[in-house]
Amino acid sequence: MNRLMTEQETALMVGMSVHWLRRKRWEGGGIPFIKMSQRGAVRYEEETVRQYLDAHFRTSTHDPGRR
């Protein structure tokens with residue numbers, strides 16, 4: 001397993017806020033995460049975050065991205 005990152009580390013890596021990460025978890029469609037227990041901490045696997053970023057990379061506004 002690869003390194004697990006906190007919400008703060010993940011937010012810094014993706015350039016968004018912790019609030020954005022939490023909202024995306026609630027809405028769906030955000031970065032896949034690990035819930036440590038029912039009411040426990042949330043962690044993000046570093047490689048999964050990198051894959052999420054790669055999948056959302058665009059070269060123009062017309063670029064549909066990877067499918």
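Along every chain, residues carry numbers that run from 1 in the direction the sequence is written. Totals for whole chains, interfaces and linings use all residues, but because this is a predicted model, local features are given only for residues with pLDDT of at least 70 and pairs of side-chain atoms are given and counted only at 80 or more. Calculation of side-chain values draws on the structure's entire complement of heavy atoms; hydrogens and water are dropped beforehand.

S.K.: Would you mind showing me how to read the packing of aromatic side chains here?
M.R.: Aromatic ring pairs are described here by two measures, namely the spacing of the ring centres and the angle between the planes. Only rings of Phe, Tyr and Trp enter the pairing, Trp through its six-membered ring, and a pair is recorded when the two centres are within 6.5 Å. The plane angle decides the type: under 30 degrees is stacked, over 60 is edge-to-face, the rest tilted. As enumerated under the stated definition, the model contains one aromatic pair in all. Ring centres 6.4 Å apart and planes at 55° place the aromatic pair F33 and Y44 in the tilted group. Residue F33 is found in the loop between helix 2 (18-27) and strand 2 (34-35), and its partner Y44 is found in strand 3 (residues 42-45); the two are separated by eleven residues along the sequence. Two limits define a charge over a ring: the Lys NZ or Arg CZ must be within 6 Å of the ring centre, and within 35 degrees of the ring normal. Positioned above the aromatic ring of F33 is the side chain of R25, whose terminal nitrogen or guanidinium carbon lies 5.5 Å from the ring centre. Numbering of helices and strands runs from the N terminus, with a helix taken as a DSSP run of H or I at least four residues long and a strand as a DSSP run of E at least two residues long.

S.K.: Explain helix 3 (residues 46-55) here, please?
M.R.: For an α-helix, 3.6 residues make a turn, and residues three or four places apart therefore share a direction. Among the residues of helix 3, E46, T48, V49 and Y52 are the ones counted as buried. Buried residues in helix 3, looked at end-on, bunch into an arc of 165°, giving them a common side. What makes two residues a contact is simply this: any of their non-hydrogen atoms within 4.5 Å. For helix 3, the elements touching its buried residues are strand 1 (4-5), helix 1 (7-14), helix 2 and strand 3. Burial classification: accessible surface area is computed with a 1.4 Å probe over protein chains only, and a residue below 20% of its type maximum counts as buried, one above 50% as exposed, and the rest as partly exposed. Think of the arc as the fan of directions from the helix axis to the C-beta atoms.

S.K.: What is the right way to read the sheet that holds strand 2 from this model?
M.R.: The antiparallel open sheet is built from three strands, whose spatial order is 1-3-2. Edge positions in the sheet fall to strand 1 and strand 2, since each has one partner strand and no second. Strands were regarded as paired on the criterion that DSSP finds at least two bridges between them. Bridge count between strand 2 and strand 3: two bridges; the pairing is antiparallel. By the bridge assignment for strand 3, I34 is matched with R43. Between the N-to-C directions of two axes lies an angle of 0 to 180 degrees, each axis being a line fitted to C-alpha atoms and, for a helix, fitted only over the stretch in contact. Each of strand 1 and strand 3 is contacted by helix 3, which is oriented at about 65° to strand 3, the strand it contacts most.

S.K.: Is there a simple way to think about the nonpolar core in this case?
M.R.: One broad rule of soluble globular proteins: the nonpolar side chains tend to lie buried together. In plain words, nonpolar cores are sets of buried Ala, Val, Leu, Ile, Met, Phe, Trp, Tyr and Cys residues tied together by side-chain atoms within 4.5 Å. In terms of nonpolar packing, the biggest core is built from ten residues, these being M5, A11, V14, W20, L21, I31, V42, Y44, V49 and Y52. Breaking this core down by element, the ones donating at least two residues are helix 1, helix 2, strand 3 and helix 3. Those residues in contact with Y44, other than ones at most four positions away along the chain, are R3, L4, M5, T6, E7, T10, L21, R25, I31, P32, F33 and V49.

S.K.: Explain the environment of L53 to me, please; I cannot follow it from the model alone.
M.R.: Inspection of the secondary structure assignment puts L53 in helix 3. Judged by relative accessible area, which is 32%, L53 ranks as partly exposed. With 22 residues separating them in the primary sequence, L53 and I31 have C-alpha atoms 8.9 Å apart. Excluding residues within four positions of it along the chain, L53 makes contact with M13 and V14.

Honestly, it's all geometry; don't read function into it.
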